[in-house]
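Report on the structure
Listed below, chain by chain, are the residues.
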Amino acid sequence: MASTVPTGTITSWLVLEKSWSPYRLEGDLTIASTTKLTVNDGVELRIASEAVIDVQGVFEAGTATISSTGFGARWGGLLLDGIVGSRVQLSGTQLVEGSPLLTVSGYGEMVAENVNFARSAGADPLISISSSAQATVSLSSSYLRDAGSMCIQSQSPDTKIILEDVEFTDCNGDAAWIRLSEVEFNNLTINEGMEDGLALIGVTGEVSGLKTTSFVGDSTVRLESIDGDFVLEDSQV
């Protein structure tokens, strides 16, 4: 029997513990700016179709599995649209079956280490960063695969995207389509199952250590409207 996570807005610290797992969330949940939701190691959290966790405070998860309720459903993902200080912190997490899995549309910070992002649907990427976002998105030692359309999409001129030792497979579009953002990409691996590797439009920053030996698409790196400070080095292109 599954434990139930309350819907609506939480205003005090909520901890999901392994001893009460699995948990179900049946509707939208907002984490107020003054509090946080912690998903402990070993927890399974299953979320109803299209339900969103709106992070205006802090969402943190360890080696937990956060997924849909199954049968082809997709939950609505994490939404980071808060204030300065809002944060999503993931470590060893399985974040799957959401569409998108993460949407960034406001202020805040997202940090993911050793995280598996997988299985968005339709025309949705795994990670979507909108033009209104003013955030930092940082992924390290993580794996992105089986996207509906693209693994990462960003249209934000005010967001910095940091990728370190990240691997992409079956993105069904581009591995990362980035417009106007600042990028810091190091040691990325781009595998099969996509049209282009990196599509970078008007970006600034640096890409280094790109590995593409298994890539079979059109362009490993596509550059457009690069007028600012940008460096591509030590990469297989």
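Description of the structure in this document. (Residues numbered from 1 in each chain as written. Predicted model: local features only at pLDDT ≥ 70, side-chain atom pairs only at ≥ 80, totals over all residues. Heavy atoms only, no water.)

This part is about the overall build of the protein chain. A tally of regular secondary structure across the protein chain gives zero helices and 27 strands. Relative to a compact globule of 237 residues, whose C-alpha radius of gyration would be 18 Å, the protein chain shows 17 Å and is just as compact. Its C-alpha atoms give the protein chain principal-axis dimensions of about 50 × 35 × 25 Å. Once local pairs closer than 6 in sequence are excluded, the contacts in the protein chain between residues at least 24 apart make up 50%. As presented, the protein chain carries roughly 9,800 Å² of accessible surface, and 44% of it is formed by carbon and sulfur atoms. Looking at the protein chain, you have 12 positive and 32 negative side-chain charges, and the mean spots of the two groups are 7 Å apart. (Helix = DSSP H or I, 4+ residues; strand = E, 2+ residues; numbered from the N terminus. Rg over C-alpha atoms; globule rule 2.2 N^0.38 Å. Contact = heavy atoms within 4.5 Å. Areas by Shrake-Rupley, 256 points an atom, 1.4 Å probe, with all protein chains shown as cover. Lys, Arg positive; Asp, Glu negative; His and termini not counted. Charge placed at Lys NZ, Arg CZ, Asp CG, Glu CD.)

Looking along the chain, the bond that leaves Ser21 and enters Pro22 is cis, with omega of 5°. Mapped onto the elements of the fold, Pro22 is located in the loop between strand E3 (14–16) and strand E4 (23–25). Between Ser99 and Pro100 the backbone carries a cis peptide bond, its omega angle lying at -10°. Despite not being glycine, Phe71 shows a phi value in the positive range, around 60°. Structurally, the position occupied by Phe71 is in the loop between strand E10 (65–68) and strand E11 (77–80). Overall, the relative accessible area of 89% leaves Phe71 in the exposed class. You will see that Arg119, though not glycine, has its phi angle at about 70°, which is positive. Here Arg119 lies in the loop between strand E16 (116–118) and strand E17 (127–129). (Buried < 20%, exposed > 50% of the residue type's maximum accessible area, 1.4 Å probe, protein only.)

Here we take up the nonpolar core. In this structure, Phe59, Phe117 and Phe168 are the most contacted members of the largest nonpolar core, which totals 65 residues. Those residues within four positions of Phe117 in sequence are excluded, and the remaining contacts are Leu90, Leu95, Leu101, Met110, Ala112, Leu126, Ile127, Leu139, Tyr143, Leu144 and Arg145. (Core = buried A, V, L, I, M, F, W, Y, C linked by side-chain atoms within 4.5 Å.)

Another aspect to go through is the packing of aromatic side chains. For the structure shown, the criterion picks out zero aromatic pairs. A cation sits over an aromatic face here: Lys36 above Trp13, 4.4 Å from the ring centre. (Phe/Tyr/Trp six-rings, centres within 6.5 Å; stacked < 30°, edge-to-face > 60°. Lys NZ or Arg CZ within 6 Å of the ring centre and 35° of its normal.)

A few words on the sheet that holds strand E5 (residues 29–31). An order of E2-E5-E8-E11-E14-E17-E19-E21-E24-E26 is seen for the ten strands of this open sheet, with the pairing classed as parallel. Each edge of the open sheet carries a strand with a single partner, namely strand E2 (8–10) and strand E26 (221–224). With strand direction ignored, the average angle separating the axes of adjacent strands in the sheet is 15°. In this structure, strand E24 (residues 198–201) lies alongside E26, joined through four bridges in parallel fashion. Directly across from Ile201, in E26, lies its bridge partner Glu224. (Pairing = 2+ DSSP bridges. Axes fitted to C-alpha atoms, helices over the stretch in contact; angles between N-to-C directions.)

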